[in-house]
Amino acid sequence: MLQRLLGTKYAYAIVATCIVIMFLPCSIILTCFGIFITPVSQYFGVPRVAFSAVFSVLCIAMTVALPFIGKFYKSHDTRLVLSASVIICAISYGAMSAAQEMWHFYLCAVGLGIGVPALMFLCVPALINDWFDQRVGTFMGLCFAFTGIGGTVFNPIGSAIISSGPEGWRACYLIFALVMLAGTLPFTLFVVRKKPQDLGLTPLTFSSIGEKNVEVEETASTDISADDAMKYPEFYMVAAFYALITLNQQISQYFPSYAATFAETAPAIAAATGLLAGATMLGQAIGKVLLGALSDISVKLACFVGIFSGIIGLLMLGVKLPVLPLLLAGTFFFGIAYALTTVGSPLLVRTVFGKKDSTLIYSRIAGVSCFVSACALIIWSLIVDGSAHGFLVLFGIGIVLMSTCLALALTALKRAKNRTRLHNNLD
């Protein structure tokens, strides 16, 4: 019925599915983790770091699972893979509501680490790549933006549920698990199709007077297989880009702590931690759409805009002026750079290696990012606590990381362009 209703526009149903996946399971699991740290730690009488390690276990599990999930995703029915992932996530998340020991949370985190990769890292790049011939970056950015939007919606709802009683966190885990299951499973079961050809359709294209799809012109004209990609230096450049930009994005976790350093000189700023976090999340959401749209013009341009936004943001924060609008602007601009992690990386893979095996190549590269996520907070904590000027050192390192990422991206794109030109000349 949905196919008859939408006809050749069925690709928009695929976009809606990707949005639901980002908005429900991905945002709930990955952006709402922080609201449980204090209540769960207090309930079990353990240090906060003991519960925070749950997220590290999740990231390590994703690192191990991603290459296998990538192969499984490519060779099996997408509906099966995504639906099974939703069910695994819902069961693992809901099981946390019944936890009686801390190791129960670690076990559930392993389950999440198996269920999340296909939903967070693979489905959007794969489905959007297959269902659209143009404006791939725009739609990819739109879908990924809903992780931040979901965090904005579910964090306050979850906090309210948790504060409803001494074991409100149990109710929150269970309710959120049911929400992600009931809200997502109908889409993965009944809407998703791996390729438009499965429905007798072709990838959606757009035509308008004077429209020029520059992004397609930049993409490698010869697709590189996943196995061959690992023989090229560009593979390791893109992997390093993803790892370093992921390490950089975790700096945003310390913006509230940085605001607290203004307690004596500007108490209003110290009390505005929620506003700073909100500005970062807003920057992410807008940045994902903006960088996605820019990548349809030029992936190189999107990288420039994202990196320079992040550098400007950290410079605004680093001057440490007790001016709240300046700090809010700084966190907002940094949020735009944050968007490069989810939007820029898969588009960079597609541009450098072509469309054919981009999902499998991306799954191998994304594993590096997950491992870095598991270590990032520990690394930054040591730096922040290591000296009286820890935050300035933190911001300085962030600027170096982003500059390095830009150099890596530009070099990988240049090598891919030269490779394509050589191939064309040989033909």
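Residues numbered from 1 in each chain as written. Predicted model: local features only at pLDDT ≥ 70, side-chain atom pairs only at ≥ 80, totals over all residues. Heavy atoms only, no water.

## With respect to the overall build of the chain
Selection criterion: Numbering goes from the N terminus for both helices and strands, where a helix is a DSSP run of H or I of at least four residues and a strand is a run of E of at least two. For the radius of gyration, the atoms used are the C-alpha atoms, and the globule rule reads 2.2 Å times the number of residues raised to 0.38. Residue burial is assigned from relative accessible area. The probe radius is 1.4 Å, only protein chains are included, and a residue is buried under 20% of its type maximum, exposed over 50%, and partly exposed in between. Using a 1.4 Å probe, the Shrake-Rupley method yields the accessible areas, and only the shown protein chains count as cover for residues. Think of it this way: Lys and Arg go in the positive column, Asp and Glu in the negative one, and His and the chain ends go nowhere. Lysine's charge is taken at NZ, arginine's at CZ, aspartate's at CG and glutamate's at CD.
Along the chain, the regular secondary structure elements total 19 helices and zero strands. The globule rule puts the C-alpha radius of gyration for 427 residues at 22 Å, and the 21 Å found for the chain is close to it. On the principal axes, the C-alpha backbone points of the chain span a range of 65 × 45 × 40 Å. Buried residues in the chain amount to 54% of all 427 residues. Working note: accessible area of the chain is about 17,500 Å², and carbon and sulfur atoms make up 70% of it. Of note, the chain has its 25 positive side-chain charges centred 3 Å away from the centre of its 19 negative side-chain charges.

## Overview of the packing of helix H11 (residues 233-249) against helix H17 (residues 340-353)
What counts, and what does not: Structural elements are reduced to axes, namely lines fitted to C-alpha atoms, with helices fitted over the stretch in contact, and the angle between N-to-C directions of any two is expressed from 0 to 180 degrees. Each angle gets one of four labels, with under 35 degrees taken as roughly parallel, over 145 as roughly antiparallel, 65 to 115 as roughly perpendicular, and the rest as oblique. Contacts are residue-level and defined by heavy atoms, with any inter-residue pair within 4.5 Å sufficient. For this classification, the nonpolar set comprises Ala, Val, Leu, Ile, Met, Phe, Trp, Tyr, Cys and Pro, the charged set comprises Asp, Glu, Lys and Arg, and every other residue, Gly included, is treated as polar.
Viewed as axis vectors pointing N to C, H11 and H17 meet at an angle of 175 degrees, and their least axial separation amounts to 10 Å. Judged on the interaxial angle alone, H17 and H11 are roughly antiparallel. Of the residues in H17, those in contact with Glu234, Phe235, Val238, Phe241, Tyr242, Ile245, Thr246 and Gln249 of H11 are Leu340, Thr341, Ser345, Leu348, Val349, Val352 and Phe353. For the contact of H11 with H17, a count of residues per class yields 10 nonpolar, four polar and one charged.

## Description of the side chain of Ser373
Relative to the elements of secondary structure, Ser373 occurs in helix H18 (residues 358-386). Residues within four places of Ser373 in sequence aside, it is in contact with Cys59, Thr246 and Gln250.

## Here's the deal with a nonpolar patch on the surface
Rule in force here: Patch membership requires more than 30% relative accessible area and the absence of a salt bridge. Residues of like charge join within 9 Å; the nonpolar side chains Val, Leu, Ile, Met, Phe, Trp and Tyr join within 5 Å. Salt bridge, as used here: a side-chain nitrogen of Lys or Arg that lies within 4 Å of a carboxyl oxygen of Asp or Glu.
Judged by side-chain polarity, Ile60, Val64 and Phe68 come together as a nonpolar surface patch covering roughly 320 Å² of accessible area. Its location among the elements puts Ile60 in helix H4 (residues 48-75).

## Section: the nonpolar core
Under the convention used in this document: As used here, the term nonpolar core means buried Ala, Val, Leu, Ile, Met, Phe, Trp, Tyr and Cys residues forming a set that is joined through side-chain atoms within 4.5 Å.
By size, the foremost hydrophobic cluster in this structure holds 143 residues, and its most contacted members are Phe36, Phe51, Tyr93, Phe105, Phe121, Ile128 and Phe132. It is helix H6 (residues 102-131) that contributes the most residues to this core, 17 residues altogether. Contact partners of Phe121, with chain neighbours within four places excluded, come to Met62, Leu66, Val116, Tyr242, Tyr362, Ala366 and Cys370.

## A word on a positive patch on the surface
On the surface, a cluster of positive charge is made up of Lys300, Lys414, Lys417 and Arg421. The element that contributes the greatest number of residues to the positive patch is helix H19 (residues 390-426), accounting for three residues. By secondary structure assignment, the location of Arg421 is in helix H19.

## Let's talk about the environment of Gly390
In this structure, Gly390 sits in helix H19. Of the residues examined, Gly390 reaches a relative accessible area of 2% and is grouped as buried. Measuring from C-alpha to C-alpha, the distance between Gly390 and Tyr258 comes to 9.8 Å, with 132 residues separating the pair along the chain. Discounting residues that sit within four places of it in the chain, Gly390 has contacts with Ile383 and Val384.

## Regarding the packing of aromatic side chains
Just so we agree on the cut-off: Stacked, edge-to-face and tilted are the three classes for Phe, Tyr and Trp ring pairs, Trp counted by its six-membered ring, which pair at centre distances within 6.5 Å; planes under 30 degrees apart are stacked, over 60 edge-to-face, the rest tilted. Here, a charge over a ring means that NZ of Lys or CZ of Arg falls within 6 Å of the ring centre while also lying within 35 degrees of the ring normal.
Summed over the entire model, instances satisfying the criterion amount to 29 aromatic pairs. Ring plane angle 35 degrees and centroid distance 5.6 Å describe the contact between Tyr10 and Trp131, whose orientation is recorded as tilted. Pair noted here: Tyr10 is in the loop between helix H1 (2-6) and helix H2 (11-31) and Trp131 is in helix H6, with a separation of 121 residues, a long-range link. Under the relative-accessibility criterion, Trp131 is labelled buried at 1%. Pairing Phe132 with Phe139 gives two aromatic rings, centres 4.4 Å apart and planes at 20 degrees, and the pair type is stacked. Both residues of the pair, Phe132 and Phe139, count as buried. Directly above the ring of Phe262 sits Lys320, whose terminal nitrogen or CZ lies 5.5 Å from the centroid. Positioned above the aromatic ring of Tyr232, the side-chain terminus of Arg419 is 5.1 Å from the ring centre.

## Considering the pattern of salt bridges
Applying the stated criterion across every chain, the model contains nine salt bridges. Note that Glu234 and Arg415 form a salt bridge whose closest N and O atoms lie 3.2 Å from each other. Linking Glu234 in helix H11 with Arg415 in helix H19, this pair joins segments that are 181 residues apart in sequence. Residue Arg415 is classed as partly exposed on the basis of its relative accessible area, which comes to 38%. With a closest N to O distance of 2.7 Å, Arg419 and Glu234 form a salt bridge. Of this pair, Arg419 sits in helix H19 while Glu234 sits in helix H11, placing them 185 residues apart in sequence. The two residues Arg419 and Glu234 agree in class, both being buried. Taken together, the salt bridges that share partners define one network made up of Glu234, Arg415 and Arg419.

## Concerning helix H16 (residues 324-338)
Under the convention used in this document: Every helix has an expected span of 1.5 Å times one less than the residues it contains.
Relative to the 21 Å expected for 15 residues at 1.5 Å per residue, H16 spans 21 Å between its end C-alpha atoms, a close match to the ideal helical length. Looking at H16, one finds that the buried residues are Leu327, Gly330, Thr331, Phe334, Gly335, Ile336, Ala337 and Tyr338.

## Re the packing of helix H5 (residues 78-95) against helix H8 (residues 168-190)
At a minimum axis distance of 8 Å, the contact between H5 and H8 shows a crossing angle of 170 degrees. Between H5 and H8, the angle falls in the class roughly antiparallel. Across the interface between the two elements, Arg79, Leu82, Ser83, Val86, Ile87, Cys89, Ala90, Tyr93 and Gly94 from H5 touch Tyr173, Phe176, Ala177, Met180, Leu181, Thr184, Leu185, Thr188 and Leu189 from H8. Its residues placed into classes, the contact of H5 with H8 shows 13 nonpolar, four polar and one charged.

## Some details on unusual backbone geometry
The backbone of Arg135 shows a phi angle near 55 degrees, a positive value even though the residue is not glycine. Position of Arg135 relative to the elements: it lies in the loop between H6 and helix H7 (136-162). Located in the positive-phi region is Lys320, a residue other than glycine, with phi close to 55 degrees. Position of Lys320 among the secondary structure elements: in the loop between helix H15 (299-318) and H16.

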